[in-house]
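Chain by chain, the residues:
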Amino acid sequence: QVQLVESGGGLVQPGGSLRLSCAASGSIFSINVMAWYRQAPGKGRELVADMISGGSPNYADSVKGRFTISRDNAKNTVFLQMNSLRAEDTAMYYCSADVRTTRWGVILHPWGQGTLVTVSS
């Protein structure tokens, strides 16, 4: 019904940059919050950043000043610009969203398949 597809992951050297994208498609009336999570090997899921439609972004302390979340609401897309990448940023990155499919419908909470970010020299 609603799908999220991430892209932009890959291998990058420490200090480098990557830009992740996540596009929502399907039956979408509106999207409230869009968010990025990550999960490193042996660790739990961590909220990296989120942003409510028309609101201000929020960031985990570990990425403040280095990552920027942004949205293109007309295209139902969220981005994560990652600068000054460190080895500890290596993880699978997932996007999620709160999606209303109709004017009066129940809100859905889909997740993408994830995109792998590897920071290594």
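Everything below is about the structure printed above this text.
Residues numbered from 1 in each chain as written. Predicted model: local features only at pLDDT ≥ 70, side-chain atom pairs only at ≥ 80, totals over all residues. Heavy atoms only, no water.

**Q** So what's going on with the packing of aromatic side chains? Residues and values would help.
**A** Evaluation of the coordinates by the stated rule reveals one aromatic pair. A centroid spacing of 4.8 Å and a plane angle of 50° characterise the contact between Y37 and W111, whose relative ring orientation is tilted. You can see Y37 sitting in strand β4 (residues 30–39) and its partner W111 sitting in the loop between β10 (107–108) and β11 (115–119), a full 74 residues away along the chain. With a relative accessible area of 17%, Y37 lands in the buried category. Just above the ring of F79 sits the side chain of R19; from NZ or CZ to the centre is 4.0 Å. Note that R45 overlies the ring of Y37, its terminal NZ or CZ placed 4.7 Å from the centroid. (Phe/Tyr/Trp six-rings, centres within 6.5 Å; stacked < 30°, edge-to-face > 60°. Helix = DSSP H or I, 4+ residues; strand = E, 2+ residues; numbered from the N terminus. Buried < 20%, exposed > 50% of the residue type's maximum accessible area, 1.4 Å probe, protein only. Lys NZ or Arg CZ within 6 Å of the ring centre and 35° of its normal.)

**Q** Lay out the sheet that holds strand β7 (residues 67–72) with the relevant residues and their values.
**A** Read across the open sheet, the four strands follow the order β1-β3-β8-β7; overall the sheet is antiparallel. Whereas interior strands pair on both sides, the edge strands pair on one side only; in this sheet they are β1 (2–7) and β7. Averaged over all pairs of adjacent strands, the angle between strand axes in this sheet comes to 15°, irrespective of strand direction. Pairing between β1 and strand β3 (residues 18–26): six bridges, direction antiparallel. (Pairing = 2+ DSSP bridges. Axes fitted to C-alpha atoms, helices over the stretch in contact; angles between N-to-C directions.)

**Q** Which residues make up the state of the cysteines, and what values go with them?
**A** For the structure shown, the criterion picks out one disulfide. The disulfide bridge from C22 ends at C95, spanning 1.8 Å between sulfur atoms. Here C22 and C95 share a disulfide; its torsion about the S-S bond, 50°, makes the bridge right-handed. Taken together, the residues C22 in strand β3 and C95 in strand β9 (residues 91–100) connect sequence positions 73 residues apart. For C22, a relative accessible area of 1% puts it in the buried group. (Disulfide = S-S within 2.5 Å.)

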